[in-house]
There are 2 protein chains.
Amino acid sequence: MKRVRANPGEGTRLREEILAAAEALLVERGSEEALTLRAVAGRTGVSTPSVYLHFADKEQLIEAVCLRAWDELERRMREAAQGIDDPFWALGRCGHVYVRFALDHPVQYRVLMMRQGSGSAATACFGYIVEAVSACVTSGALRGDPQTLALGLWSAAHGCASLLISQPSFPWPDDLDAFIDDTVWMAGLGTAIASRLSRRRVLPGVAAELDAFADRLNG
Amino acid sequence: MKRVRANPGEGTRLREEILAAAEALLVERGSEEALTLRAVAGRTGVSTPSVYLHFADKEQLIEAVCLRAWDELERRMREAAQGIDDPFWALGRCGHVYVRFALDHPVQYRVLMMRQGSGSAATACFGYIVEAVSACVTSGALRGDPQTLALGLWSAAHGCASLLISQPSFPWPDDLDAFIDDTVWMAGLGTAIASRLSRRRVLPGVAAELDAFADRLNG
DNA sequence: CCGTCAGGTTAACGCCGTCAATCTGACGAT
DNA sequence: ATCGTCAGATTGACGGCGTTAACCTGACGG
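Just so we're clear, the structure is a prediction, and the values are computed from it rather than from any experiment. (Residues numbered from 1 in each chain as written. Chains lettered and ligands numbered in written order. Predicted model: local features only at pLDDT ≥ 70, side-chain atom pairs only at ≥ 80, totals over all residues. Heavy atoms only, no water.)

Colleague: Just give me the short version of the overall build of chain A, but keep the residues and values in it.
Modeller: Helix and strand counts for chain A come out as nine helices and zero strands. Listing each helix as α and each strand as β along chain A from the N terminus yields α-α-α-α-α-α-α-α-α. For 219 residues, the compact-globule estimate of 2.2 N^0.38 gives 17 Å, and the C-alpha radius of gyration of chain A, at 22 Å, exceeds that figure by more than 25%. Reported as C-alpha extents along the three principal axes, the dimensions of chain A are approximately 75 × 35 × 30 Å. Burial statistics for chain A: of 219 residues in total, 51% are counted as buried. Across chain A, contacts joining residues at least 24 apart in sequence account for 65% of those joining residues at least 6 apart. (Helix = DSSP H or I, 4+ residues; strand = E, 2+ residues; numbered from the N terminus. Rg over C-alpha atoms; globule rule 2.2 N^0.38 Å. Buried < 20%, exposed > 50% of the residue type's maximum accessible area, 1.4 Å probe, protein only. Contact = heavy atoms within 4.5 Å.)

Colleague: Give me the side chain of R196 of chain A: which residues, what numbers.
Modeller: Of note, R196 of chain A is situated in the loop between α8 (176-194) and α9 (206-218). Note on R196 of chain A: relative accessible area 6%, which makes it buried. There is a polar contact of 2.6 Å between the side chain of R196 of chain A and the side chain of D211 of chain B. Sequence-distant contacts of R196 of chain A, that is, excluding residues within four places in its chain, are made with G140, A141, L142 and R143 of chain A together with A207, L210, D211, A214 and N218 of chain B. (Polar contact = N/O pair within 3.5 Å; in protein donor to acceptor, adjacent residues only side chain to side chain.)

Colleague: Help me get a handle on the side chain of E32 of chain B, residues and values and all.
Modeller: Tracing the backbone shows E32 of chain B in the loop between α1 (11-29) and α2 (37-44). The contacts of E32 of chain B, once residues within four sequence positions are left out, are L26, K58, I62, V111 and R115 of chain B.

Colleague: Any details on the relation of the copies chain B and chain A? Residues and values, ideally.
Modeller: Superposition of the two copies of the chain requires a rotation about an axis together with a shift along that axis. Overlay of chain B on chain A (RMSD 0.0 Å): rotation 180°, translation along the axis 0.0 Å. Look at the turn and shift together and you get a two-fold axis relating the two. Here 100% of the interface residues in chain B have copies in chain A that are interface residues too; the copies meet face to matching face. (Least-squares fit on C-alpha atoms with pLDDT ≥ 70 in both.)

Colleague: How would you sum up the protein's contact with DNA strand D? Please name residues and give values.
Modeller: Neighbouring DNA strand D are 22 residues; R38, Y52 and K58 of chain A together with S47 and S50 of chain B lie closest to it. Take the atoms of DNA strand D that sit within 4 Å of the protein: sugar and phosphate atoms are 53% of them. Taking T36 of chain A, its side chain carries an N or O atom lying 3.5 Å from a phosphate oxygen of DNA strand D. K58 of chain A places a main-chain nitrogen or oxygen 2.9 Å from a phosphate oxygen of DNA strand D. Looking at the surface near DNA strand D, its residues break down into nine nonpolar, six polar and seven charged. (Near = heavy atom within 4 Å. Nonpolar A, V, L, I, M, F, W, Y, C, P; charged D, E, K, R; others polar.)

Colleague: Now, about the protein's contact with DNA strand C: what can you tell me, with residues and values included?
Modeller: Residues in close proximity to DNA strand C total 25 residues, the closest being R5, S47 and S50 of chain A together with R38 and Y52 of chain B. The separation between a base nitrogen of DNA strand C and a polar side-chain atom of R38 of chain B is 2.6 Å. Mapped by element, the contributors of at least two residues to the surface near DNA strand C are α1 (11-29) of chain A together with α2 of chain B. Here the residues of the surface near DNA strand C sort into 10 nonpolar, seven polar and eight charged.

Colleague: Lay out the packing of α1 of chain B against α2 of chain B with the relevant residues and their values.
Modeller: Residue and element names in this part refer to chain B. Direction vectors running N to C along α1 and α2 enclose 120°, while the axes themselves pass 9 Å from each other. When the interaxial angle is binned, α1 and α2 end up oblique. Seen along the crossing, α1 lies across α2 with a hand that is right-handed. Each of L14, E17, I18, A21, A22, A24, L25, E28 and R29 in α1 lies in contact with α2, whose residues at this interface are A39, V40, R43 and T44. (Axes fitted to C-alpha atoms, helices over the stretch in contact; angles between N-to-C directions. Parallel < 35°, antiparallel > 145°, perpendicular 65-115°, else oblique. Left-handed = near helix turned anticlockwise from the far one by under 90°.)

Colleague: Let's hear about helix α4 (residues 87-104) of chain B: which residues, and what values?
Modeller: All names here are of chain B. In this model, α4 (18 residues) spans 25 Å end to end at C-alpha, consistent with the 26 Å of a helix rising 1.5 Å per residue. Of the positions making up α4, those classed as buried are F88, A90, L91, C94, G95, H96, V97, Y98, V99, F101, A102 and L103. Of the surrounding elements, those touching the buried residues of α4 are α3 (58-81), α5 (106-113), α6 (120-139), α7 (146-166) and α8 (176-194). Its side-chain oxygen 2.8 Å from the backbone nitrogen of F88, D86 forms the N-cap of α4. (Expected span 1.5 Å × (residues − 1).)

Colleague: Outline the UniProt feature "domain: HTH tetR-type" (unreviewed entry) in chain A, listing residues and values.
Modeller: Those residues carrying the UniProt feature "domain: HTH tetR-type" (unreviewed entry) are residues 12-73 of chain A in this numbering. With 68% helix and 0% strand, residues 12-73 of chain A has end C-alpha atoms that lie 24 Å from one another. (UniProt positions renumbered as here; feature names shortened; annotations may be inferred.)

Colleague: Before we move on, could you go through the domain arrangement of chain A and cite the residues and values that matter?
Modeller: Residue and element names in this part refer to chain A. Taken domain by domain, chain A holds domain 1 (11-55) and domain 2 (70-218). Computed from C-alpha coordinates alone, the two centres of domain 1 and domain 2 are separated by 34 Å. Listed by partner, the interface residues are six residues for domain 1 and five residues for domain 2. Of the roughly 430 Å² buried between domain 1 and domain 2 on both sides combined, carbon and sulfur atoms contribute 57%. Among the residues of domain 1 in contact with domain 2, L26, G30 and E32 are the three that bury the most area, contributing 73% of the side total. As a salt-bridge pair, R115 and E32 come within 2.2 Å of each other at their nearest N and O atoms. (Domains from an automatic or database assignment. Buried area = accessible area lost by both parts, 1.4 Å probe. Salt bridge = Lys/Arg side-chain N within 4 Å of Asp/Glu carboxyl O.)

Dropping the structure here:
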């Protein structure tokens, strides 16, 4: 139970241990409110106020934990897009990886994305998505301002992830990955077409037009 | 400062006053964690434990406050859809009203939709959306299982609302209502087309196909 | 051998949600 | 008129929380 004390210069060691304990406890308890500084300190084998040696307050500790996950997400997205020639297809893979990652780290995702204030975390990730969208604009798959397009696409992916996480009681399909694919595909196609339309309106024969278009893509 | 005591049979009066005070404080402070039972009781002019006469705990009080807002949302959505002939167009209006409402009641929306557990609130609303989607399937605008389609569409609307609320520092367009319209339109069109496609793939000339389709709809 | 100072600890404060025990006063029965 | 009753509301307290100030400790350079 008793920790060996760190030598001078090893100040960061305790920081890492606290981060690890906090991450484990956060996942175990399932929410940030249920996480206690006393519990974190206890698991680390250290007194409670020692946490304040490395983190200004509880808020910053939790944020630091979740930022770790965020870094890994960006890494995975770049990895998923690598080696795919068509930028539009690569963007779709990114979307899938994004949602999947959120589902695999629900607590961290909620902390980072479903609270007010801490928006700085997502900024770097947003930059990467804008890049990917820009490539699609260059290739002709999308039209318009990459930043605005990226916001729309991100909101679609985020909606899918967020709803799956916070509303597990909804009648979700059994095959979640297929549903995620459908959603990403829906957002991609919808953005591609909407970005080409000069104005929104309902045509009398819109269903027939859609049928014809789908036939050509299917056949 | 001193409240007049309620007569027997007036037990619900205090309940209403507490609800009102809690709602006001929740909006003022901007988050549920910042809301204090002591503050609620104080504003109502009553002692703290009196809250427990009408609510089992803090959780249920907050939930009751937010459920009020939810009821109004469903009312507004029905109102918006009323008198619109085309079901697909009506569905789009519902989506816009949904996102607008979320933005107008950000705290309540977050409490109800961005936390785990309390999923029962949205179930009724979900039923209404499935109805609206079913009408679109009947009219031929959409194809497939209404429930699954509804989940996808809802996730798009929710993503837009949720991201706007929790990430205000993003570079959102100035005209928010136009952006909401674009997002809703994107989701609707995307779902309509994706529901017609037998399989997902990238065609070499997909951009050209999209251009041609858009030209016919634009012209 | 001794100060110094990074790396901790102890004790406490104020606030929180919650609960058991208590008070109060209007009203029906006598 | 009075008295018991019981819904309506209060008092006081408990344990746990985040956070802070003050204090301890032991390895290392001089």
